[in-house]
Amino acid sequence: MINHQFDVWHLVKSVRKKLHSVSHKKLNSDLSPWSQSICNHLWWCAANCGGDADLLEESWTSVVHHIANIHDFAGD
C-alpha cells in the first residue's frame, strides 16, 4: 500500500481558490462568508487527525453538516 502525504498549505490554497471561484456565482453567493471557516476547518482536521486518513476524511466531510447547521450526523 502506498502512503500518500500532502502539503496542507497547498491543499488549503487550492480549496480557497476553488471556493473563491465558485462563490462568485450568484447561486453560490452564500458560500463566500464561509470560505475562511472552511479553510480553518481543513487546517484543524489535518492537525488533529494524528495521521489517521479515515479520521481526516470524516472530519473534513463533516464541514458540510456544520455549514447546514446539522451537528448530529452519522459517523464516528
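In short, a report on the structure. (Residues numbered from 1 in each chain as written. Predicted model: local features only at pLDDT ≥ 70, side-chain atom pairs only at ≥ 80, totals over all residues. Heavy atoms only, no water.)

**Considerations on the nonpolar core**
We apply this condition: Nonpolar cores were defined as sets of buried Ala, Val, Leu, Ile, Met, Phe, Trp, Tyr and Cys residues, with membership established by side-chain atoms within 4.5 Å. Whether a residue is buried, partly exposed or exposed follows from its accessible area with a 1.4 Å probe, protein chains only, as a fraction of its type maximum: under 20%, in between, or over 50%, in that order. Per the convention used, a helix needs a DSSP run of H or I reaching at least four residues, while a strand needs a run of E reaching at least two, with both numbered from the N terminus. Contacts were defined at the residue level, with two residues in contact if any of their heavy atoms lie within 4.5 Å.
Counting seven residues, the largest nonpolar core consists of Val12, Val15, Leu19, Ile38, Cys39, Leu42 and Val63. For this core, the secondary-structure elements that each account for two or more residues are α1 (8-23) and α2 (35-48). For Leu19, the residues in contact, after removing those within four places along its chain, are Leu31, Ser35, Ile38 and Cys39.

**With respect to the packing of α1 against α2**
Where we set the bar: To get an axis, a line is fitted to the C-alpha atoms, and for a helix only the part in contact is used. The angle between two axes follows their N-to-C directions and goes from 0 to 180 degrees. Comment on the angle field: the value is read as roughly parallel under 35 degrees, roughly antiparallel over 145, roughly perpendicular from 65 to 115, and oblique elsewhere. Crossing handedness: left-handed means the near helix sits turned counterclockwise from the far one by under a right angle, and right-handed means the same turn made clockwise. In this classification, Asp, Glu, Lys and Arg are treated as charged, Ala, Val, Leu, Ile, Met, Phe, Trp, Tyr, Cys and Pro as nonpolar, and every other residue, Gly included, as polar.
At a minimum axis separation of 10 Å, α1 and α2 run at an interaxial angle of 155 degrees. Between α1 and α2, the angle is such that the two are roughly antiparallel. Classified by chirality, the crossing of α2 by α1 is right-handed. On α2, the residues touching Val8, Trp9, Leu11, Val12, Val15, Arg16 and Leu19 of α1 are Ser35, Gln36, Ile38, Cys39, Leu42, Trp43 and Ala46. Partitioned by chemical class, the residues of the contact of α1 with α2 number eleven nonpolar, two polar and one charged.

**Notes on the packing of α2 against helix α3 (residues 53-67)**
Running from N to C, α2 and α3 cross one another at 155 degrees; their axes reach a closest spacing of 9 Å. Considering the angle they form, α2 stands roughly antiparallel to α3. Judged by the twist between their axes, the crossing of α2 over α3 is right-handed. Residues Ile38, His41, Leu42, Trp44, Cys45, Ala46 and Asn48 of α2 form the contact with α3, whose participating residues are Leu55, Leu56, Ser59, Trp60, Ser62, Val63 and Ile67. Along the lines of polarity and charge, the residues of the contact of α2 with α3 split into ten nonpolar, four polar and no charged.

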